[in-house]
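Overview (structure and organization)
Listed below are the residues making up each chain.
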Amino acid sequence: MVNIRPSELHDKLIPWYHANRRDLPWRNTKDPYCIWVSEVMLQQTQVSTVVPYYRQFMIYYPDIPHLASAPEEDILKRWEGLGYYARARNLLKAAGEIAAKYDGKIPDQWDLFRSLPGVGDYIASAVLSIAHGAAYAVVDGNVKRVMARLFCIDDPVNQANSHKVFSVLAKAMLEKNDPGTYNQAVMELGALICKPKTPACDRCPVSSLCGAHKNAKTDVYPVRIKAKKTPVREMATGIIYKKNKLLIIRRPSRGLLGGLWEFPGGQIRNMESTGDACIRTIAEKVNLNIEVDRLLTRVDHAYTHFKIKMDVFTCEYISGRVKLNGPMDFRWVSQDSLTRFPFHKAIHKFFPHLIEVKNRCKMRQNS
Ligand code: SF4
């Protein structure tokens, strides 16, 4: 491993950060709430996507009391499109705990803050170092990549058991007087200069220290283990129309996409046609007999650990009363009111096709 003294790194990196950092809305404050919300949004999501969501979120929920008293469905609506909805649900739960146990003040002690829902090592380190100047080193994808290249680390960045190596190193390199600035500087270097595929070493403030650059191995580091092929699930979904209303259901609050709305359907079994799967899964989940009308569209969507291929059908209500088996709620709604509900991204992908359903409803009404 390459040897770099912490002070050498700080002396080059921190002035560069002050001169080049992006002016982001959460960077002009030390308010732990603002920093926390931004860091939660930034996990798994790009800065350019987060900025408008963050601004809007802060208008509606400027502090812990506003957030803690908000209905979950409202939070999910504001989060709609940002993905990884467990982040939003946990933020809400944590705000509730802070309001109840800590008089609305975000705890500044590691153990207390780290014990809140959704607060892992990364969030705790980022918030406590940036807001309170506490000496905790952040370790995220950017930090790992920068460290792997600077020090020529052979441990794969995407292997769980090598996390410790990066965490020990990040701690050893931390600038203790202003750890928040240092943490942000490493992450900013990773985001702006030391990019995954095309590191801009010619513009890098730490290139004279960097092992990968000096040894012409920027394409070797960071080492990654080959990811397994992502499994694909085949799904069928039905847009059931009854007079001029559509049936939507709400997913259970726990688990993937918890609390979000969707149209009923489910996974296709082996050898089953997608139309038959649509009829079967709707009967199983909402106890309705339907007839498949036509295939509206096919949607491909990727989640972290699997992908889906979803056939979306328009369906005719035949008989039955809704009885839920799995979903936590349902509504018969007009198409115009769909925008009031938070839906997940795969559903949004076929929203433009719903205009066809609307036209069909109009024709039926007029006939
Ligand atoms: S010199 Fe190149 S590889 Fe090394 S840290 Fe800078 S951008 Fe990354």
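Residues numbered from 1 in each chain as written. Predicted model: local features only at pLDDT ≥ 70, side-chain atom pairs only at ≥ 80, totals over all residues. Heavy atoms only, no water.

1. Notes on the domain arrangement of the protein
The domain boundaries assigned to the protein delineate domain 1 (6–214) and domain 2 (232–366). Taken together, both faces of the contact between domain 1 and domain 2 bury some 1,000 Å²; the carbon and sulfur share is 46%. Counting across the domain 1 and domain 2 interface gives 2 salt bridges. The residue Glu 72 makes a salt bridge to Arg 250 at a minimum N-O spacing of 3.2 Å. Summed over the shared surface of domain 1 and domain 2, the number is 10 residue pairs in polar contact (both at pLDDT 80 or more). Here the element with the most residues in the side of domain 1 that touches domain 2 is helix α5 (residues 72–79); it accounts for 4 residues. For the side of domain 1 that touches domain 2, the class distribution of residues is 3 nonpolar, 1 polar and 5 charged. (Domains from an automatic or database assignment. Buried area = accessible area lost by both parts, 1.4 Å probe. Salt bridge = Lys/Arg side-chain N within 4 Å of Asp/Glu carboxyl O. Polar contact = N/O pair within 3.5 Å; in protein donor to acceptor, adjacent residues only side chain to side chain. Helix = DSSP H or I, 4+ residues; strand = E, 2+ residues; numbered from the N terminus. Nonpolar A, V, L, I, M, F, W, Y, C, P; charged D, E, K, R; others polar.)

2. With respect to the pattern of salt bridges
Tallied over the entire structure, the rule returns 14 salt bridges. A salt bridge links Arg 114 to Asp 121, with the nearest nitrogen and oxygen atoms 2.7 Å apart. A salt bridge links Glu 272 to Arg 280, with the nearest nitrogen and oxygen atoms 2.7 Å apart. In this structure, a network of salt bridges that share partners links the residues Arg 269, Glu 272, Arg 280 and Glu 284.

3. Thoughts on the side chain of Arg 145
Position of Arg 145 among the secondary structure elements: in helix α9 (residues 141–151). Looking at Arg 145, its side chain comes within polar contact range of the main-chain oxygen of Cys 194, at 2.7 Å. The residues touching Arg 145, leaving out its near neighbours within four places in the chain, are Gly 190, Ala 191, Cys 194, Lys 195, Pro 196 and Pro 222. (Contact = heavy atoms within 4.5 Å.)

4. Concerning the pairing of strand β6 (residues 307–319)
In the sheet, strand β1 (residues 232–242) pairs with β6 via 10 bridges, with the strands oriented parallel. Opposite Ala 236, over in β6, you have Asp 311 as the bridge partner. From the end of strand β5 (residues 289–302) to the start of β6, which pair antiparallel, there are 4 residues. (Pairing = 2+ DSSP bridges.)

5. Let's talk about the site of the ligand
Close to the ligand lie Arg 149, Ile 193, Cys 194, Pro 199, Cys 201, Cys 204, Ser 207, Cys 210, His 213 and Thr 218. Tallied by class, the residues present in the shell around the ligand amount to 6 nonpolar, 3 polar and 1 charged. (Near = heavy atom within 4 Å.)

6. A short note on helix α6 (residues 86–101)
Taking 1.5 Å per residue as the helical rise, α6 with its 16 residues ought to reach 22 Å, and the 22 Å between its terminal C-alpha atoms agrees with that figure. Among the residues of α6, Arg 87, Ala 88, Arg 89, Leu 91, Leu 92, Ala 94, Ala 95 and Ile 98 are the ones counted as buried. Looking at the buried residues of α6, the elements they touch are α2 (32–42), α3 (47–60), α4 (64–68) and α5. Trailing α6 by a residue or two, Asp 103 shows a phi angle of about 55°, which is positive. (Expected span 1.5 Å × (residues − 1). Buried < 20%, exposed > 50% of the residue type's maximum accessible area, 1.4 Å probe, protein only.)

7. Structural notes on the state of the cysteines
Counted by the stated rule, this structure contains 0 disulfides. No disulfide involves Cys 278; its nearest neighbouring cysteine sulfur is the one of Cys 315, lying 3.9 Å away. Judged by its relative accessible area of 0%, Cys 278 is buried. (Disulfide = S-S within 2.5 Å.)

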